[in-house]
Amino acid sequence: YERWAGVWERQALVRARPVAGDFDLGQQFMEIVETNVWQRPFTADDTREIRRMKARIERERIPPGEDPEYHLKLGRGSLSDVEWTVQLLQLQHKVRGTGTMAALDALRAAGAIAPEDATVLAEAYRFCERTRNRLYLVRGGPADALPTAPEQLTRLARSLGTTPAELREHYKRVTRRARRVVERLFYGRR
């Protein structure tokens, strides 16, 4: 990690934690994480590299046939926007937290994010996560975008206690608000 790790590997290690296996080995690994993630300076070049990677993902990763306007994972203001913003802030402010919501709470407690911005990001994350999980159950398999087929969208909306129109409108509202926060905090745009 000291010599060859890329910025993306450092970003991935923000979430590292031992969950099984040899306790001593887990502790040794966490010492490596401490040294190479939290103690190393996080530079302006590192920030630019993470922004560049995220922009590339936004351009290239939504699979053909999936609606980018209603993509729960990779859409503007959805899961990946919140995750990448939280991870960038963690690295910039050296705030630990292994899950997105726990890290968001830790950033808020550390004063690294305004409470209102944290609330907006948390709302979008919870909505997209809950909807994506429910979509998996309704479809019987993985899916990352709100269905375009009316009958599938209706089944999903009903399972969430809403209508298709209300579901799409709620998605637009929470993700639009989250994207404004992402534009400001992640991309540095005013």
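Quick notes on the rules
Residues numbered from 1 in each chain as written. Predicted model: local features only at pLDDT ≥ 70, side-chain atom pairs only at ≥ 80, totals over all residues. Heavy atoms only, no water. Helix = DSSP H or I, 4+ residues; strand = E, 2+ residues; numbered from the N terminus. Expected span 1.5 Å × (residues − 1). Buried < 20%, exposed > 50% of the residue type's maximum accessible area, 1.4 Å probe, protein only. Contact = heavy atoms within 4.5 Å. Axes fitted to C-alpha atoms, helices over the stretch in contact; angles between N-to-C directions. Parallel < 35°, antiparallel > 145°, perpendicular 65-115°, else oblique. Left-handed = near helix turned anticlockwise from the far one by under 90°. Nonpolar A, V, L, I, M, F, W, Y, C, P; charged D, E, K, R; others polar.

*Asks:* Teacher, can you tell me more about helix α6 (residues 115-139) here?
*Replies:* Every α-helical turn comprises 3.6 residues, leaving residues that sit three or four positions apart pointing alike. For α6, spanning 25 residues, the distance from its first C-alpha to its last is 36 Å, which sits close to the expected 36 Å at 1.5 Å a residue. Looking at α6, one finds that the buried residues are Asp-117, Ala-118, Val-120, Leu-121, Ala-122, Ala-124, Tyr-125, Phe-127, Cys-128, Thr-131 and Leu-135. Against α4 (79-93), α5 (100-109), α7 (150-159) and α8 (164-185) lie the buried residues of α6. One or two residues past the end of α6 sits Gly-140, with phi positive at roughly 80°.

*Asks:* What's the story with the packing of α4 against α8 in this structure? I'm lost.
*Replies:* Contact geometry for α4 and α8: axes closest at 10 Å, N-to-C directions at 30°. When the axes of α4 and α8 are compared, the pair comes out roughly parallel. Here α4 and α8 pass one another in a crossing that is left-handed. Side by side, α4 and α8 meet where Asp-81, Thr-85, Leu-88 and Leu-89 of the first sit next to Arg-179, Val-182 and Leu-185 of the second. Taken together, the residues of the contact of α4 with α8 break down into four nonpolar, one polar and two charged.

*Asks:* Sorry, what's going on with the environment of Gly-75 here?
*Replies:* Among the secondary structure elements, Gly-75 is positioned in the loop between α3 (44-60) and α4. Ignoring any residue separated from it by four or fewer positions in sequence, one finds Gly-75 in contact with Pro-68, Asp-81 and Tyr-171.

*Asks:* Would you mind showing me how to read the side chain of Lys-54 here?
*Replies:* On the secondary structure map, Lys-54 appears in helix α3. The class of Lys-54 is buried, set by a relative accessible area of 1%. Those residues in contact with Lys-54, other than ones at most four positions away along the chain, are Ser-80, Asp-81, Trp-84, Phe-186 and Tyr-187.

*Asks:* Explain the packing of α3 against α4 here, please?
*Replies:* Contact geometry of α3 with α4 gives a least axis separation of 11 Å together with a crossing angle of 175°. Taken together, the axis directions place α3 and α4 in an arrangement best described as roughly antiparallel. Note on element contacts: α4 touches α3 through Ser-80, Asp-81, Trp-84, Leu-88, Leu-91 and Gln-92, opposite Thr-47, Ile-50, Arg-51, Met-53, Lys-54, Ile-57 and Glu-58. Tallied by class, the residues present in the contact of α3 with α4 amount to six nonpolar, three polar and four charged.

*Asks:* Teacher, can you tell me more about the environment of Asp-117 here?
*Replies:* With respect to the secondary-structure elements, Asp-117 resides in helix α6. For Asp-117, a relative accessible area of 10% translates into the label buried. Placed 21 residues apart in sequence, Asp-117 and Val-138 show a C-alpha to C-alpha distance of 31 Å. Here Asp-117 is in contact with Val-181, Arg-184 and Leu-185, once residues within four sequence places are set aside.

Limitation: the analysis is restricted to geometry and does not speak to function.
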